[in-house]
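# Fold and contact review
Now for the letters of each chain:
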Amino acid sequence: MNLGITIHAGETGNINNILVAINQFGADRIGHGTAAMNCIDTMDLLRTRDIAVEVCPISNRRTNSIKEDDAYTFHKFMEHNVPFILCSDNPAIHKLSLVDDYRVFLYETQDLSFILNQFTLQKKYSFINPNPA
Ligand SMILES: [Zn+2]
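All of the points below concern the structure found in this document. Model, not experiment: these values are computed from the prediction. (Residues numbered from 1 in each chain as written. Predicted model: local features only at pLDDT ≥ 70, side-chain atom pairs only at ≥ 80, totals over all residues. Heavy atoms only, no water.)

A word on the coordination of the zinc ion. Working reference: metal with six octahedral donors, ideal angles 90 or 180 degrees; metal with four tetrahedral donors, ideal angle 109.5 degrees. Within the protein, His8 (NE2), His32 (NE2), Asp89 (OD) and Asp89 (OD) serve as the donor atoms for the zinc ion, at 2.3 to 2.5 Å. If you look at the zinc ion, its four donor atoms make angles of 54 to 156° with each other, and the shape they trace is irregular. All donors of the zinc ion belong to a single chain; written as a sequence motif, their spacing is H-x23-H-x56-D. Taken together, the residues span a long stretch of sequence, with histidine 8 in strand β1 (residues 6–9) and aspartate 89 in the loop between β4 (84–86) and α5 (91–94) at a distance of 81 residues. (Donors = N, O, S within 2.8 Å, 3.2 Å for Na, K, Ca; no water. Tetrahedral: all angles 85-135°; square planar, octahedral: opposite > 155°, others 65-115°. Helix = DSSP H or I, 4+ residues; strand = E, 2+ residues; numbered from the N terminus.)

Right, dumping it as structure tokens:
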């Protein structure tokens, strides 16, 4: 039906779930993709196929998929030019919003230009057709 496909994969460290999501199910975006930060080949695959990772900093800490002392995935993704967008995984459960995820990112990276570019990236990786028939 020509719809975009996003799949939660690799949230808790199983890199193979990301590869299956991409290679067998044609994912256009990957939810969390935490495991990718430990595999250069997977980060290369995400970059060359232009598959965006939905990075959810607050959720990743609260679910312990990123341990308290570990660096957030976005550091590695920025280093390897992996496309990603900041997302709030579950605002109702966390009682926090996307703004809070932005705040975590900004605190960690001091990269205001990335935040200011988020709307452009979110439009690029959204599944909205900019040129409907
Ligand atoms: Zn999730």
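When the charged atoms of two side chains with opposite charge come close together, those side chains can pair. For the coordinates displayed, the defined rule picks out five salt bridges. The partner of arginine 29 in a salt bridge is glutamate 54, with the nearest N and O atoms 2.7 Å apart. Taken together, the residues arginine 29 in strand β2 (residues 29–32) and glutamate 54 in strand β3 (residues 52–55) connect sequence positions 25 residues apart. This pair shows no difference in class: arginine 29 is buried, exactly as glutamate 54 is. (Salt bridge = Lys/Arg side-chain N within 4 Å of Asp/Glu carboxyl O. Buried < 20%, exposed > 50% of the residue type's maximum accessible area, 1.4 Å probe, protein only.)

On to the environment of threonine 12, then. Mapped onto the fold, threonine 12 is located in the loop between β1 and α1 (15–23). When the C-alpha positions of threonine 12 and arginine 61 are compared, they lie 11 Å apart, and in sequence the two are 49 residues distant.

Below, the discussion takes up the pairing of β2. With four bridges joining them, β1 and β2 adopt parallel strand pairing. Following the sheet pairing, histidine 8 is matched in β2 by glycine 31. Since β1 and β2 lie parallel, the crossover through α1 that links them has a hand, and here it is right-handed. The pairing of β2 with β3 spans three bridges and is parallel. Of the residues in β3, the one forming a bridge with isoleucine 30 is valine 53. In the classification by handedness, the crossover that spans β2, the intervening helix α2 (residues 40–48) and the parallel β3 is right-handed. (Pairing = 2+ DSSP bridges. Right-handed = clockwise from strand over helix to strand, strands pointing away.)

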